Amino acid sequence: LGITLINADYEIVMTNATHAKMFNYTNSGILGRKCYEAFENRSEPCPHCSGTQAMATGKPAETTLQGHKEDGSEFWLRIQSFPLTPADGQPAGFIEVVEDITQHEQNQHALILDESRLSVLQKMSEMEDTGESFLAAFALDSAVELTKSKTGFLGFLNNDESEMTMYSGPEQ
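In what follows, the accompanying structure is described.

Calculation rules
Residues numbered from 1 in each chain as written. Predicted model: local features only at pLDDT ≥ 70, side-chain atom pairs only at ≥ 80, totals over all residues. Heavy atoms only, no water. Helix = DSSP H or I, 4+ residues; strand = E, 2+ residues; numbered from the N terminus. Rg over C-alpha atoms; globule rule 2.2 N^0.38 Å. Buried < 20%, exposed > 50% of the residue type's maximum accessible area, 1.4 Å probe, protein only. Contact = heavy atoms within 4.5 Å. Areas by Shrake-Rupley, 256 points an atom, 1.4 Å probe, with all protein chains shown as cover. Lys, Arg positive; Asp, Glu negative; His and termini not counted. Charge placed at Lys NZ, Arg CZ, Asp CG, Glu CD. Pairing = 2+ DSSP bridges. Axes fitted to C-alpha atoms, helices over the stretch in contact; angles between N-to-C directions.

## Describing the overall build of the protein
- Counting its regular elements, the protein contains 6 helices and 7 strands.
- Going residue by residue from the N terminus, the α and β elements of the protein occur as β-β-α-α-α-α-β-β-β-α-α-β-β.
- Expected size for 172 residues packed as a compact globule is a radius of gyration near 16 Å; at 25 Å, the protein overshoots this value by more than 25%.
- Its C-alpha atoms give the protein principal-axis dimensions of about 80 × 30 × 30 Å.
- Relative to its 172 residues, the protein shows a buried fraction of 28%.
- For the protein, long-range pairs separated by at least 24 residues make up 38% of all intrachain contacts whose partners lie at least 6 apart in sequence.
- In the form shown here, the protein has an accessible surface area of approximately 11200 Å², with 51% of it arising from carbon and sulfur atoms.
- Treating the 11 positive side-chain charges of the protein as one cloud and the 26 negative ones as another, the clouds have centres 10 Å apart.

Here it is in structure tokens:
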């Protein structure tokens, strides 16, 4: 887990090596910088900032977003922010705990895709008395939708593999 102490002016006061490594920074390269500049290359606090919410409410806040490393690569983050409120009640900043959830997000996406594929296969299995061209159109439309492609191609070989029938779709 990456852990960073950020003051009420959004300046990075302290961070652990894990947090700096997530963004491909050195600790000394981000200390004293505004968090929104260092982590998101912005000129003002992020609209989705859970730290802003935590300081405003005095309660922990959380957000999930796609982050960007210094090299331009992207990854998914779960950010939890815990407000720092001294005895005078004025927000002094927040502690940000960052978890790389890229693998979890990829697994969720794969699961949704697998469930969609299974649904299409189930529907196709119920079409046993349907003609080849209707089945081909359904398969193409489903494949294009699942892959977010603009078009697709589907071919059928006859039993002795001497003839192939090709379909393209979806029909516009």
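## Section: the sheet that holds strand E5 (residues 93-100)
- Across the sheet, 5 strands lie side by side as E2-E1-E5-E4-E3; this open sheet has antiparallel pairing. The open sheet has two free edges, formed respectively by strand E2 (12-15) and strand E3 (61-68), since each of these has just one partner strand. The sheet shows a mean angle of 25° between the axes of neighbouring strands, taken without regard to direction.
- Across the face of the sheet, helix H4 (residues 50-57) comes into contact with E3, strand E4 (74-84) and E5 while running at roughly 15° to E4.

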